[in-house]
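Commentary on secondary and tertiary structure
One letter stands for each residue in the lines below.
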Amino acid sequence: MAAVSDRLPAFPWDKLEPYKKTAAAHPDGIVDLSVGTPVDPVPPLIRRALIEAADSPGYPTVWGTVALRDAITGWVRGRLGASAAEHRNVLPVVGSKELVAWLPTQLGLGAGDKVAYPRLAYPTYEVGARLCGAEAVVYDDPTELDPAGVKLLWLNSPSNPTGKVLAKEDLVRIVAWAREHGILLFSDECYLELGWEAEPVSVLHDEVCGGSYEGIVAVHSLSKRSNLAGYRAAFVAGDADVLGELLEIRKHGGMMTPAPVQAATVAALGDDHHVEEQRERYAARRTALRAALEAHGFRVEHSEASLYLWVTRDEPCWETVAHLADLGILVAPGDFYGEAGARFVRVAFTATDERVEAAVKRLG
């Protein structure tokens, strides 16, 4: 057991514990803006769907119900602009983090293979490479990589942590490059519904991929758009051959989305109203926090989408973490996401309105 865990980096969030204690000692309590976990209620129509499907004594299928596949393909066509999507182009997964972490292993990658991801990135891309013994490589522009040995290329737009959005022309260029070199491209698009100053585009959009999903897969989650982080509801869409292989592997592994969650996902994907309501909540929190941070001397970079503000005071990130902890505010240090983030912190705006108001007051 130790041999596997020894491949992995230290769990970064453990390093925040002393600062969390400092922030929690504030007379008015902690404002935790470190982990981007939803705090608002699960929409009633989704809860009703979950409850109505609660009497599910049998095993669910890995591929999901026909109703679920209909819901996913309909959403992928309508929201992502992937007009040719069919059932064979979709696959539900048990939360997107599980998929990211275990994808290289399920693809059969190992020693001698390379997994590439952005220089500033969600740490689980690296974890997935390490778990299977592949080499993790970072990039600023993937088309500048040496393609030799690169078997899996991760995109992340909108980005976690920076909120940066890749333009459609960049996606077209990167997809063409990956196909030219026979590199499988997975695009983590979990924040696609949360564009603020840019309109995120999927790699599956007809104008990006040319209507063909060969060599490309998009990853989507309902955690952020629908407040379903606790449900572990997510799916992948794209290359039918890749998803067919993953389906067979996941059948053997018992990686099944629970039947009540499948029903809840159908309800969530069939309703846009709750998504707009949640966007409005986040937009207001984002506006308030951004103004307060800038008035406090921070500079915001990128942050045109997602649930985070990527900010700096041009000092080492842990100094910023300590400064804000003294104000009772906990944020994530930028070096959690790579060495390039060493002078930034990530500020989530997933706290309640009351806690955001408290943070604004303290920053003032």
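Okay, so let's go over this structure. Note that the structure is a prediction, hence the values are computed from the model and not measured. (Residues numbered from 1 in each chain as written. Predicted model: local features only at pLDDT ≥ 70, side-chain atom pairs only at ≥ 80, totals over all residues. Heavy atoms only, no water.)

Concerning the overall build of the protein
- Of regular secondary structure, the protein possesses 13 helices and 13 strands.
- Computed over the C-alpha atoms, the radius of gyration of the protein is 20 Å, within 12% of the 21 Å expected from 2.2 N^0.38 for a compact globule of 364 residues.
- Here the C-alpha coordinates of the protein stretch approximately 55 × 50 × 45 Å along the principal axes.
- Within the protein, the proportion of its 364 residues that are buried is 54%.
- A separation threshold of at least 6 residues defines the contact pool for the protein, and within that pool the share at least 24 residues apart is 75%.
- Taking the average location of the 36 positive side-chain charges in the protein and that of its 50 negative ones, the two points are 3 Å from each other. (Helix = DSSP H or I, 4+ residues; strand = E, 2+ residues; numbered from the N terminus. Rg over C-alpha atoms; globule rule 2.2 N^0.38 Å. Buried < 20%, exposed > 50% of the residue type's maximum accessible area, 1.4 Å probe, protein only. Contact = heavy atoms within 4.5 Å. Lys, Arg positive; Asp, Glu negative; His and termini not counted. Charge placed at Lys NZ, Arg CZ, Asp CG, Glu CD.)

So, the sheet that holds strand β7 (residues 216-221)
- Reading across the sheet, the seven strands line up as β2-β8-β7-β6-β5-β3-β4 and stay open at both edges, with mixed pairing between neighbours. Both outer strands of the open sheet, β2 (90-93) and β4 (135-139), are each paired with one neighbouring strand and no more. The mean inter-strand angle of the sheet, taken between neighbouring strand axes irrespective of direction, is 20°.
- As paired elements, β2 and strand β8 (residues 234-238) share four bridges and run antiparallel to each other. Bridge assignment links P92 to a residue of β8, and that residue is F235.
- Its contacts with the sheet place helix α5 (residues 96-106) against β2, β3 (114-118), β5 (150-156), β6 (184-188), β7 and β8, and it is angled at close to 160° to β5.
- Strands in contact with helix α9 (residues 240-253) are β2, β6, β7 and β8; relative to β2, the strand with the most contacts, it is inclined by about 40°. (Pairing = 2+ DSSP bridges. Axes fitted to C-alpha atoms, helices over the stretch in contact; angles between N-to-C directions.)

Quick notes on the sheet that holds strand β10 (residues 308-312)
- Judged by pairing direction, the sheet is antiparallel, and its four strands sit side by side in the order β9-β10-β13-β12 without closing on themselves. The sheet is open, and its two edges are formed by β9 (299-301) and β12 (332-333), each paired on a single side.
- Judged from the two bridges that link them, β12 and strand β13 (residues 345-348) form a sheet pairing that is antiparallel. In the sheet register, P333 faces β13, and the bridge partner there is V345.
- Contacts between helix α11 (residues 273-295) and the sheet are confined to β9, β10 and β13, with β10 contributing the most and set at about 5° to the helix.

Description of the side chain of Q262
- Considering the arrangement of structural elements, one finds Q262 in helix α10 (residues 259-269).
- The exposure class of Q262 is buried, given its relative accessible area of 2%.

Observations concerning empty space enclosed by the protein
- For the structure shown, the criterion picks out three cavities of 30 Å³ or more.
- Computed from the structure, the largest cavity encloses a volume of approximately 80 Å³.
- Lining the largest cavity, in full, are W75, E189, C190, L192, E193, L194, H220, S221, L222, K224, R225 and F235.
- Its residues placed into classes, the lining of the largest cavity shows six nonpolar, two polar and four charged. (1 Å grid on protein atoms, 1.4 Å probe; cavity = no way out; pocket = protein on both sides within 12 Å on 5 of 7 lines; lining within 4 Å. Points joined across faces, edges and corners; volume = space filled by probe spheres on them. Nonpolar A, V, L, I, M, F, W, Y, C, P; charged D, E, K, R; others polar.)

Points about the pattern of salt bridges
- Per the stated rule, a full pass over the model turns up 23 salt bridges.
- Note that R290 is salt-bridged to E294, the shortest N-O span being 3.3 Å. On the criterion of helical spacing, the pair formed by R290 and E294 is a turn pair, its members being four residues apart in helix α11.
- Since its relative accessible area comes to 39%, E294 is described here as partly exposed.
- In this structure, the salt-bridge partner of R299 is E301, at a minimum N-O distance of 3.1 Å.
- Note on R299: relative accessible area 36%, which makes it partly exposed. (Salt bridge = Lys/Arg side-chain N within 4 Å of Asp/Glu carboxyl O.)

Quick word on the pairing of β13
- Side chains V345 and V347 project from β13 onto one buried face, and the interleaved R346 and A348 project onto a second face that is buried too.
- Where β10 lies against β13, four bridges are found, and the strand directions are antiparallel. Each residue of the ladder has a partner; that of Y308, found in β13, is A348.

Some words on helix α13 (residues 353-363)
- Among all positions of α13, only R355, V356, A358, A359, R362 and L363 are buried. The arc that holds the buried residues of α13, viewed along the axis, is 155°, so those residues lie on one side. Turned more than 90 degrees away from the buried face of α13 sit E357 and K361, all of them exposed.
- Of the surrounding secondary structure, the elements contacted by the buried residues of α13 are β1 (31-32), α11, α12 (317-326) and β11 (329-330). (Arc of directions from axis to C-beta.)

Focus: the packing of α5 against helix α6 (residues 124-132)
- It is at 7 Å that the axes of α5 and α6 come closest, and there the two elements cross at 35°. Remark: the crossing between α5 and α6 carries right-handed chirality. Of the residues in α6, those in contact with K97, V100, A101, W102, P104 and T105 of α5 are T124, Y125, G128, A129, L131 and C132.
- Tallied by class, the residues present in the contact of α5 with α6 amount to eight nonpolar, three polar and one charged. (Left-handed = near helix turned anticlockwise from the far one by under 90°.)

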